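Structure at a glance
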Amino acid sequence: MITGDNSLTAAAIAAEAGVDDFMAEAKPEDKLRRIREEQEKGHMVGMIGDGTNDAPALAQADVGIAMNSGTQAAREAGNMVDLDSNPTKLIEVVEVGKQLLMTRGALTTFSIANDVAKYFAIIPAISVALYAGSNGQGPLSALNIMRLGSPESAILSAIIFNALIIIALIPLALKGVAYKPISANKALTKNLLIYGLGGLIAPFIGIKIIDILINL
């Protein structure tokens, strides 16, 4: 919490609000300097304010939220305006932002892994037919680990699977990945394990099942 109030008032407000750290008797340049110091440390900085003296810091912050009840200068300097004028709204904004990043990362990870596995599954089936020997076992036969019915059914199975997986991912894209207050490293590891590994395994299972159904 950064405020222009005196130390006693700031300490009382911080204690009531449950704020661990505060800066009292801060001038506009002090607020701006503190924002820049945090950014130089590599932090993404969000700020919420309502006064004219908050305007420079709101403009400097990565995410500046002005209260609807604040001054015109603050509302113009911020990236968004909180219609409820609730300072705790900043926490919700951070949570929503992290959820959007996690959802985008999960979908991207799954899509990349899905494409790699999908092409690895169907390309050998197509190549085997092109380079097959007289007995039907060419030099690329060892790569055809899925033993798909034919190049035609392999392509058709991949197309059908791709259409189904896009439909299956729509609810995740709309709802988003559930947000949990964990570190970036843990979030990355979780994404790789769930969506990366899932994206690698799903095409092999899905394409094989569709291929079997096509060749019945």
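To start, this report covers the structure provided alongside it. Worth saying up front: this structure is predicted, and the values here are computed from it rather than measured.

Per the counting criterion, the structure on display carries six salt bridges. For Lys-41, the salt bridge goes to Glu-38, with nearest N and O atoms at 3.9 Å. Exposure remark for Lys-41: the relative accessible area of 58% places this residue in the exposed category. Here Lys-118 ties to Asp-115 by a salt bridge, and the two come within 3.4 Å at their closest N and O atoms. A residue pair is termed a helical-turn pair when its members lie 3 or 4 positions apart in one helix, as Lys-118 and Asp-115 do in helix H5 (residues 89–130) at three residues. For Lys-118, a relative accessible area of 6% gives the class buried. One connected set of salt bridges, linked through shared partners, spans Asp-21, Arg-34, Glu-38 and Lys-41.

Turning to the pairing of strand E1 (residues 46–49), a few remarks are in order. With four bridges connecting them, E1 and strand E2 (residues 63–67) associate as parallel partners. Considered in E2, the bridge of Gly-46 is made with Val-63. Note that the unit made of E1, helix H3 (residues 55–60) and E2 has a crossover that is right-handed.

To continue, consider the pairing of E2. The buried count for E2 comes to four of five residues, which makes it a mostly enclosed element. Note: E2 against strand E3 (residues 80–82), three bridges, orientation parallel. Note on E3: the bridge partner recorded for Ile-65 is Met-80. Taken together, E2, helix H4 (residues 72–77) and E3 constitute a β-α-β crossover, and its handedness is right-handed.

Thresholds applied
Residues numbered from 1 in each chain as written. Predicted model: local features only at pLDDT ≥ 70, side-chain atom pairs only at ≥ 80, totals over all residues. Heavy atoms only, no water. Salt bridge = Lys/Arg side-chain N within 4 Å of Asp/Glu carboxyl O. Buried < 20%, exposed > 50% of the residue type's maximum accessible area, 1.4 Å probe, protein only. Helix = DSSP H or I, 4+ residues; strand = E, 2+ residues; numbered from the N terminus. Pairing = 2+ DSSP bridges. Right-handed = clockwise from strand over helix to strand, strands pointing away.

Remember, this is a structural readout, not a statement about activity or role.
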